[in-house]
Amino acid sequence: MNIIAPNAGKPLSLRGLSKHYATADGLVIEALKPIDLDIASGEFLVVVGPSGCGKSTLLNILAGLTPSSAGEARVGNILVQGPDIDRGMVFQDYALFPWLDVISNVEFGLERKGVPRRERRTIAMRYLEMVGLTDFAEKRPRELSGGMKQRVAIARTFATEPSIIFMDEPFGALDALTRRYLQHELLRIWQQHRKTVVFITHSVVEAIYLADRIVLMTARPGRIKSMIRIELPHPRDPISDEFRVIERQVYADLDEELAKSFRMEGRAPPPRR
Amino acid sequence: MTDAPAPAGARPSGTAARLFGQLAKLLSYLYAVIGVIAVWWAVVLIAKPHMSLLPSPLLTARTFVQLMASGELPSDAAYSICRVLAAWSLAALVAVPLGFAMGRWQRLERVLDPVVELFRPISPLAWIPLAILWFGIDEGGKIFVIFIGTFFPILLNTIAGAKTIDPVLIRAGRILGCADDASLFRKVVLPAALPQVIVGLRISFGTGWAAIIAAELVAARSGLGYLISNGMEVLRSDYVLVGMVTIGVIGVLFDTVFRIIDRRYNWMGE
């Protein structure tokens, strides 16, 4: 049924990757402790942790939007040194270009890659079909609901055929029903394309529903607390016993960190914008 | 599915509605014109002022036809329009790039902002005496005054537009292959800020158009401002009124053109 030739994902490896900031008053804040992590080609990795644990910082470093303070990340054997169209990203607030219609949004990256106009349109249309939005090709983003916007953003990201896709709480702003639907959609697309995915979320259920492996991060400074491999076959049933067992396990680890991060809130410097 | 409004476009009825809206707007202009003329005529009929103070609408219309036929009015209007267009384009040429630079580079903005704030409250009209001293009553002086008057609205709007771009769009642009600043500017920064830049261009044309009349009142031998001041000197208030009406009509025409352009390029909503 699908004619998209899958260009399989590449592995990602992190070696001693860390990040610290200096605040205006000269304090050095450690955001990420050195992290070592290997993500297999085509793996769906979900990162869960209390807010402020540096999940987003980690993702921005991997995407090349923020430099790390030390260590390195490699996609395949290419060192991450800046943003690259081979690494896609889906943002929580969609980040569609409001001055372009839906199809031109999907074409944006293709145009940057130098794909000729006609071919671009065909490819973009195919990816809009993948997310079920061909009828909306000529609409402006503001005419779409949140769930539809995120589907366009997913189409836009997959259209450039990246080796790896970073997703920063992509469904965090959506209502529960839309969210459930898009999780299902994302899994379907991922199973077809086998891209490597690094996905950030606050939701434990979402993490277990989607992940091959969950990485739990500690409260600031962020580091990996534990990793849980999820072997349940898809589609996973969030009210099954196996699911519940994993959920309990994740929450046990997470609660400890949450308590720590709440305790820290009293002492930590006020959150900076 | 939770999120699927009807895909079928309601385009034909939308076009009809828009046409109707424009017609209604035109009608409202017509009401305004009829109202003003009625009041004007009533005043003339009741108070019977001397012709050199307030001529009747009919006499003014006759003068208008006369001035059109003699070519005086078109030539004066053309002078005023050309001066504003020249100065305004010059101002845009400087203010738009500068505005983008100040909007995107905080350090530059921090240095230049106090200078801008210092000059901004000075009305362009306050520059007229200096302009006359420096340039005499040549074109240079008037262009200079209009340049000052149009420069700040363009600059401030461009800065605002460039500064308020959602940072996530910049990040999305970089992720999607805008590797260098030039392509990021062309593909993301410029289109994102464009509506605000157009607003600046439109507003500044209005201030420029108001300022040119003032500049011509004081220092010119041509233009609509000169037509008015000359009419006053020779006690021809019909010249003054013809000049004023022409100023109003041309102002509305240009504003309409800008609104059409604005609608074409503004992605911020209807």
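**Looking at the sheet that holds strand S2 (residues 28–39) of chain A**
All names here are of chain A.
Okay, so step 1: Strand order in the open sheet formed by 4 strands is S2-S1-S4-S5, with antiparallel pairing between adjacent strands. What marks the edges here is a single partner per strand, and that holds for S2 and strand S5 (78–79).
Okay, so step 2: Where strand S4 (residues 70–75) lies against S5, 2 bridges are found, and the strand directions are antiparallel. Across the sheet, the residue bridging to Val75 is Ile78, located in S5.
Okay, so step 3: Seen against the sheet, helix H1 (residues 55–63) touches strand S1 (12–22), S2 and S4 and runs at an angle of roughly 120 degrees to S1.

**Some remarks on the pairing of S2 of chain A**
Okay, so step 1: Across 8 bridges, the pairing between S1 of chain A and S2 of chain A is antiparallel. Opposite Leu12 of chain A, over in S2 of chain A, you have Ile39 of chain A as the bridge partner.

**Let's talk about the packing of helix H8 (residues 181–218) of chain B against helix H9 (residues 224–233) of chain B**
All names here are of chain B.
Okay, so step 1: Where H8 contacts H9, the two axes come as close as 7 Å, and the packing angle between them is 50 degrees. The angle between the axes of H8 and H9 places the two elements in the oblique class. Relative to H9, H8 is oriented so that their crossing is right-handed. Mapping the contact onto sequence places Ile212, Ile213, Ala214, Ala215, Glu216 and Leu217 in H8 and Leu224, Gly225, Tyr226, Ile228 and Ser229 in H9.
Okay, so step 2: When its residues are assigned to classes, the contact of H8 with H9 shows 8 nonpolar, 2 polar and 1 charged.

**A word on unusual backbone geometry**
Okay, so step 1: At the junction of His234 of chain A and Pro235 of chain A, the peptide bond is cis and its omega measures out at -10 degrees in the coordinates.
Okay, so step 2: The backbone phi angle of Tyr94 of chain A is positive, close to 70 degrees, even though this residue is not glycine.
Okay, so step 3: Its place among the elements puts Tyr94 of chain A in the loop between strand S6 (87–90) and helix H2 (102–112).
Okay, so step 4: A positive phi angle is found at Leu235 of chain B, which is not glycine, with a value near 55 degrees.
Okay, so step 5: Along the polypeptide, Leu235 of chain B turns up in the loop between H9 and helix H10 (237–265).
Okay, so step 6: Leu235 of chain B sits in the exposed class, given 12 other C-beta atoms within 10 Å.

**A word on the sheet that holds S6 of chain A**
Residues and elements named next belong to chain A.
Okay, so step 1: The strand order across the open sheet built from 6 strands is S6-S7-S8-S3-S9-S10, with neighbouring strands paired in mixed fashion. The sheet terminates laterally at S6 and strand S10 (224–229), the two strands that pair on one side only. Within this sheet the neighbouring strands show an average axis-to-axis angle of 20 degrees, counted without direction.
Okay, so step 2: In the sheet, strand S7 (residues 164–168) pairs with strand S8 (residues 196–201) via 5 bridges, with the strands oriented parallel. The partner of Phe166 across the bridge, within S8, is Val198.

Rules used in this analysis
- Residues numbered from 1 in each chain as written.
- Chains lettered and ligands numbered in written order.
- Predicted model: local features only at pLDDT ≥ 70, side-chain atom pairs only at ≥ 80, totals over all residues.
- Pairing = 2+ DSSP bridges.
- Helix = DSSP H or I, 4+ residues; strand = E, 2+ residues; numbered from the N terminus.
- Contact = placed C-beta atoms within 7 Å.
- Axes fitted to C-alpha atoms, helices over the stretch in contact; angles between N-to-C directions.
- Parallel < 35°, antiparallel > 145°, perpendicular 65-115°, else oblique.
- Left-handed = near helix turned anticlockwise from the far one by under 90°.
- Nonpolar A, V, L, I, M, F, W, Y, C, P; charged D, E, K, R; others polar.
- Buried ≥ 20, exposed ≤ 12 C-beta atoms within 10 Å, placed from the backbone.

Read these as layout, nothing more, since geometry by itself doesn't imply function.
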